[in-house]
Amino acid sequence: MSTYDTDDLASDAPAPGRRSFLILHGWQNHRPEGHWQHWLAGRLGELGQHVVYPQLPDADDPDLEVWLAELARHLDALRGSERVVVAHSLGAVLWLHAAARGLPGAVGVDRVLLVAPPSASVLAGLPEIAGFTLTEKGFTLPGPTRLVAGDDDPYCPEGADAVYGDPLGVPARILPGAGHLGMDAGYGPWPSVLEWCLDGTAPLTARAS
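Bear in mind the structure is a predicted one, so any value in this text is a computation, not a measurement.

Asks: Got a minute to help me understand the sheet that holds strand β1 (residues 19-24) in this structure?
Replies: Consider a sheet: its strands pair through backbone hydrogen bonds, and that pairing is either parallel or antiparallel. Taken in spatial order, the six strands make up an open sheet running β2-β1-β3-β4-β5-β6, and their pairing is parallel. Of all the strands in the sheet, the pair left with one neighbour each is β2 (50-52) and β6 (172-175). Averaged over all pairs of adjacent strands, the angle between their axes in this sheet comes to 15 degrees, without regard to strand direction. In this sheet, strand β3 (residues 82-88) lies alongside β1 in parallel orientation, the contact comprising six bridges.

Asks: Would you take a moment to explain the confidence of the model for the protein chain for this structure?
Replies: Interpretation of the predicted coordinates at a detailed level should be avoided for regions scoring low in pLDDT. This prediction gives the protein chain a mean pLDDT of 91; 91% of its residues lie at or above 70. Note that residues 1-12 has pLDDT below 50 and, in this model, 24 contacts with residues that lie over four places away or in other chains.

Asks: Hey, could you run me through a negative patch on the surface in this one?
Replies: Side chains of Asp58, Asp60, Asp61, Asp63 and Glu128 sit close together on the surface and give a patch of like negative charge. Along the polypeptide, Asp58 turns up in the loop between β2 and α2 (64-77).

Asks: Hey, could you run me through the nonpolar core in this one?
Replies: Inside soluble globular proteins, nonpolar side chains tend to come together where they are buried. Counting residues in hydrophobic clusters, the biggest one holds 39 residues, and the most contacted among them are Leu71, Leu75, Val85 and Trp95. Secondary-structure elements contributing two or more residues to this core are β1, α2, β3, α3 (90-101), β4 (111-115), β5 (145-150) and α5 (160-168). At eight residues, the largest contribution of residues to this core is made by α3.

Asks: Even after reading the chapter, I still don't get the pattern of salt bridges, so can you show me in this structure?
Replies: Pairs can form between side chains of opposite charge once their charged atoms are near each other. Evaluated as defined, the whole model comprises five salt bridges. Here Arg19 ties to Glu82 by a salt bridge, and the two come within 3.0 Å at their closest N and O atoms. Placement of Arg19 in strand β1 and of Glu82 in strand β3 is noted, with a sequence separation of 63 residues between them. Overall, the relative accessible area of 19% leaves Glu82 in the buried class.

Asks: Whenever I open this one, helix α6 (residues 191-198) confuses me. Can you help?
Replies: Since the α-helix advances by 3.6 residues per turn, residues separated by three or four positions end up pointing in the same direction. Every buried residue belonging to α6 is among Ser192, Val193, Leu194, Trp196 and Cys197, and all of these are buried. Buried residues in α6 make contact with β1, α1 (36-46), β3, β4 and β5.

Asks: Can you walk me through the pairing of β4 in this structure?
Replies: Within β4, five of the five residues are buried, which leaves the element mostly enclosed by the surrounding structure. Neither face of β4 is exposed, since Arg111, Leu113 and Val115 on one face and Val112 and Leu114 on the opposite face are all buried. Bridge count between β3 and β4: five bridges; the pairing is parallel. The residue of β4 that forms the bridge with Val86 is Leu113. Handedness of the β3-α3-β4 crossover: right-handed. As defined by bridge partners, β4 adjoins β5 across four bridges and the pair is classed as parallel. Counted as the bridge partner of Leu113 is Arg146 from β5.

Asks: Would you mind showing me how to read the environment of Ala160 here?
Replies: Examined against the element boundaries, Ala160 turns out to sit in helix α5. With 63 residues separating them in the primary sequence, Ala160 and His97 have C-alpha atoms 16 Å apart.

Asks: Could you clarify how one ought to interpret the packing of α2 against α3 in this entry?
Replies: Describing two packed helices takes the angle between their axes plus the distance from one axis to the other. The contact between α2 and α3 brings their axes to 10 Å, and the two run at 80 degrees. By the angle between their directions, the pair α2 and α3 is classed as roughly perpendicular. Where α2 approaches α3, its residues Leu64, Glu65, Trp67, Leu68, Leu71 and Leu75 are matched on the opposing element by Leu90, Leu94, Trp95, His97, Ala98 and Arg101. Residue composition of the contact of α2 with α3, grouped by class: nine nonpolar, one polar and two charged.

Asks: Just to check I follow, could you spell out the packing of aromatic side chains for this structure?
Replies: The geometry of an aromatic ring pair is captured by two quantities: the separation of the ring centres and the angle between the planes. Applying the stated criterion to the full structure yields three aromatic pairs. Judged by centre distance (5.0 Å) and plane angle (80 degrees), the ring pair of Tyr187 and Trp190 falls under edge-to-face. Residue Tyr187 is classed as buried on the basis of its relative accessible area of 3%. Taken together, the ring pairs connect Trp36, Tyr187 and Trp190 into an aromatic cluster. Geometry around Trp196 places Arg111 over its ring, the cationic atom sitting 4.5 Å from the centre. Above the plane of the ring of Tyr187 lies Arg207, whose end atom (NZ or CZ) is 5.8 Å from the centre.

What counts, and at which threshold
Residues numbered from 1 in each chain as written. Predicted model: local features only at pLDDT ≥ 70, side-chain atom pairs only at ≥ 80, totals over all residues. Heavy atoms only, no water. Pairing = 2+ DSSP bridges. Helix = DSSP H or I, 4+ residues; strand = E, 2+ residues; numbered from the N terminus. Axes fitted to C-alpha atoms, helices over the stretch in contact; angles between N-to-C directions. pLDDT = per-residue confidence, 0-100. Contact = heavy atoms within 4.5 Å. Patch = residues over 30% accessible without salt bridge, like charges linked within 9 Å, V, L, I, M, F, W, Y side chains within 5 Å. Areas by Shrake-Rupley, 256 points an atom, 1.4 Å probe, with all protein chains shown as cover. Salt bridge = Lys/Arg side-chain N within 4 Å of Asp/Glu carboxyl O. Lys, Arg positive; Asp, Glu negative; His and termini not counted. Charge placed at Lys NZ, Arg CZ, Asp CG, Glu CD. Core = buried A, V, L, I, M, F, W, Y, C linked by side-chain atoms within 4.5 Å. Buried < 20%, exposed > 50% of the residue type's maximum accessible area, 1.4 Å probe, protein only. Right-handed = clockwise from strand over helix to strand, strands pointing away. Parallel < 35°, antiparallel > 145°, perpendicular 65-115°, else oblique. Nonpolar A, V, L, I, M, F, W, Y, C, P; charged D, E, K, R; others polar. Phe/Tyr/Trp six-rings, centres within 6.5 Å; stacked < 30°, edge-to-face > 60°. Lys NZ or Arg CZ within 6 Å of the ring centre and 35° of its normal.

Now the structure itself:
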């Protein structure tokens with residue numbers, strides 16, 4: 001069983017200087033091998049990093065409270081010189097709920113990357129994930145956070161910078177023609193996100209054409 005597919009996280013103690021990454025997927029995502037998150041987990045593992053890429057319960061019809069409990073469990077198991085969260089789509093909204101609630105474990109995270117979070121208007125209109133609609137305002141994110149999204153994301157038609165970047169004070173990188181930054185937009189291998197994982201100052205750019 002691969003490192004990022006294990007539930008026995010406590011047994012995988014990282015070596016000194018080794019980072020720990022938690023990768024959170026979105027709605028209806030069953031971690032397909034062609035997705036950039038699957039690719040990222042593999043590349044980080046090959047580089048000797050500790051990677052946790054869990055399949056969250058009932059990805060097609062998720063429950064916010066169940067996902068928050070799973071998030072707390074995985075955060076508690078992270079260890080290493082740096083703890084980094086990379087969250088896509090509904091996983092990014094999950095992280096924002098955790099931040100708004102002050103979820104234990106979130107405060108100790110060193111860096112977070114939010115990728116293509118869907119807007120509240122879209123979430124509210126989809127019965128399977130309407131419970132994830134974020135209504136809290138004015139909360140503070142627990143650590144340095146970056147945001148990257150497409151300028152034509154159908155799941156955030158208002159624009160991720162307007163919905164999330166500006167209100168939360170999060171630096172946003174808006175990529176032209178990147179859609180929802182999923183497989184349908186060609187986001188399999190994505191070297192830029194790997195570079196950011198290894199160096200938080202690295203710019204986030206579009207995939208190679």
